[in-house]
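Residue strings, one per chain:
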Amino acid sequence: MSTDYNSLALEIRQMVDANLMPGEEIIWKGKQGAAPSRNRTLAIFSVVALAIVLLLCLYVAVVTENGPVMAIMIFLIIAMLVAILDIILVYRNFSQTAVVLTNYRAIKAYRKVHSYRIHGTGYKGITDVKITNRKPDGTADVIYYYIDGRTGHRGWGFLSMDKPEEIREIVLKRKQEEEIPATLPVPESPAWDKLSDNQREWLTKAMQEGESPVWACTPAGSVKAARGKGKITFYALTNKRALVFNQQGSVIEEYPLHVNMMQDHETNANGGGKLVLAYDVKDMSDFSRQHEQGFLHLRNVAEVENILAKLQPQA
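Residues numbered from 1 in each chain as written. Predicted model: local features only at pLDDT ≥ 70, side-chain atom pairs only at ≥ 80, totals over all residues. Heavy atoms only, no water.

1. Overview of the environment of Val142
Piece 1. Looking at the secondary structure, you find Val142 in strand β6 (residues 140-149).
Piece 2. Sequence spacing of Val142 and Thr132 is 10 residues, and the spatial spacing of their C-alpha atoms is 6.5 Å.
Piece 3. In contact with Val142, other than residues within four places in its own chain, are Val129, Lys130, Trp156, Gly157, Phe158, Pro164 and Ile167. (Helix = DSSP H or I, 4+ residues; strand = E, 2+ residues; numbered from the N terminus. Contact = heavy atoms within 4.5 Å.)

2. Some remarks on the layout of surface pockets
Piece 1. Counted as a void, the second largest pocket has a volume near 290 Å³.
Piece 2. Lining the second largest pocket are 14 residues; nearest its centre among them are Arg174, Glu177, Glu179, Val259 and Asn260.
Piece 3. Of the residues contributing to the lining of the second largest pocket, the split by class is 4 nonpolar, 4 polar and 6 charged. (1 Å grid on protein atoms, 1.4 Å probe; cavity = no way out; pocket = protein on both sides within 12 Å on 5 of 7 lines; lining within 4 Å. Points joined across faces, edges and corners; volume = space filled by probe spheres on them. Nonpolar A, V, L, I, M, F, W, Y, C, P; charged D, E, K, R; others polar.)

3. With respect to the nonpolar core
Across soluble globular proteins, nonpolar side chains have a tendency to be buried as a group.
Piece 1. With 29 residues, the main nonpolar core has Trp215, Leu237, Phe295 and Leu308 as its most contacted residues.
Piece 2. At the level of secondary structure, the elements contributing two or more residues to this core comprise β9 (213-217), β11 (231-238), β12 (241-246), β13 (251-256), β15 (273-283), β16 (288-298) and α6 (301-308).
Piece 3. Sorting elements by how many residues they give to this core places α6 first, with 4 residues.
Piece 4. Those residues in contact with Phe295 that lie beyond four places of it in its chain are Trp215, Tyr235, Ala236, Leu237, Ala242, Leu243, Val244, Gly273, Lys274, Leu275, Leu277 and Val304.
Piece 5. Among the nonpolar cores identified, the runner-up in size contains 16 residues, and Val99, Ile126, Val142 and Ile167 belong to it. (Core = buried A, V, L, I, M, F, W, Y, C linked by side-chain atoms within 4.5 Å. Buried < 20%, exposed > 50% of the residue type's maximum accessible area, 1.4 Å probe, protein only.)

4. Digging into helix α4 (residues 164-176)
Piece 1. End to end, α4 covers 18 Å across 13 residues, agreeing with the expected 18 Å (1.5 Å per residue, within 8%).
Piece 2. Along α4, the residues classified as buried are Pro164, Ile167, Val171, Leu172 and Arg174. Summarising the axial view, the buried residues of α4 lie within an arc of 160 degrees, below the 170-degree limit, and thus occupy one face. For α4, exposure combined with an orientation more than 90 degrees from the buried face picks out Glu169, Lys173 and Gln176. (Expected span 1.5 Å × (residues − 1). Arc of directions from axis to C-beta.)

5. A closer look at unusual backbone geometry
Piece 1. Residues other than glycine seldom take positive phi values, yet Asn133 does so here, at roughly 50 degrees.
Piece 2. Mapped onto the elements of the fold, Asn133 is located in the loop between β5 (130-132) and β6.
Piece 3. Overall, the relative accessible area of 52% leaves Asn133 in the exposed class.
Piece 4. Located in the positive-phi region is Lys163, a residue other than glycine, with phi close to 50 degrees.
Piece 5. Note on placement: Lys163 falls in the loop between β7 (152-161) and α4.
Piece 6. In this structure Lys163 comes out as exposed when scored by relative accessible area, which is 59%.

6. A word on the pattern of salt bridges
Piece 1. One pass over the structure, following the stated rule, counts 11 salt bridges.
Piece 2. For Arg134, the salt bridge goes to Glu165, with nearest N and O atoms at 2.6 Å. Taken together, the positions of Arg134 in the loop between β5 and β6 and Glu165 in helix α4 put the pair 31 residues apart, joining distant regions of the chain.
Piece 3. On the accessibility criterion, Glu165 (42% relative accessible area) is partly exposed.
Piece 4. When the shortest N-O distance is used, the salt bridge between Glu211 and Arg241 registers 2.8 Å. Of this pair, Glu211 sits in the loop between α5 (197-205) and β9 while Arg241 sits in strand β12, and the two are 30 residues apart along the sequence. Exposure class is identical for Glu211 and Arg241. Each is buried.
Piece 5. Three or more residues are tied together by salt bridges with common partners; here these are Glu24, Arg105 and Asp264. (Salt bridge = Lys/Arg side-chain N within 4 Å of Asp/Glu carboxyl O.)

7. Comments concerning the packing of aromatic side chains
Piece 1. If you walk through the whole model with that rule in mind, you get 7 aromatic pairs.
Piece 2. Three or more aromatic residues joined by ring pairs form one cluster here, namely Trp28, Tyr144, Tyr145, Trp156 and Phe158.
Piece 3. Over the aromatic face of Trp156 sits the side chain of Lys108, whose NZ or CZ is 5.9 Å from the ring centroid. (Phe/Tyr/Trp six-rings, centres within 6.5 Å; stacked < 30°, edge-to-face > 60°. Lys NZ or Arg CZ within 6 Å of the ring centre and 35° of its normal.)

Structure, rendered in structure tokens:
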């Protein structure tokens, strides 16, 4: 099977291009490898079992007049057909997955039954790059972090990849690159028209020496901050920092501006969504977890992205 990125479905490649953030560029792209051998074995077993059931149905229909047996056979045929279809979809979805590295993040885009999905993680959310499940043909999984699920800690990364060491080297290099401090140009008047007078006063008091407000907005809906820090009342950008305020007017999260600070994003149909600026990464004994941080309940994601696209390295 081809591992060429251009052999992927056009819809998947277009989805990747459409999901790129302002200033984000693809530095490596590929196609996820073949589905695990256990899926192919299961498919072969299901086809053989289906053939046996069909022969039994034919025998029952010709030799006997046993209605209940025939009903059971028909049920088994339907169940096996559904199972085979599911296996085919799993195989197809697994092998029709785009894997992309950009200057901001690692991305996977794939088809799931009748819909398309995309997911990414910024390099700050990667605690290690583990090469696992190496196969005799040299392919292996490149795991970036683990997701806590009902079945345990499921690895997220690029699966069954050729030249996994090459991918690992690229990711580690991007992860270890020094963060370059950056600043935003200060507008004549801040874009903070949705803030109350009290909130504008809180933002003004939070300014440090040489710092000026650039943008601010209340979140979409009522949102509680993590670890009991209260309710989030507004997000703000200054020429030096990204800030999150609670209902007492205190800064509960702050992120110094730096080049390529946007880690990931997700935009809803109405333009709202999240813009990930950092991760609270917990490094455990045998797995790692990441929790997104930043502006996670924005009214207009593109507006903030376009502002951060103007970041300039600090002189």
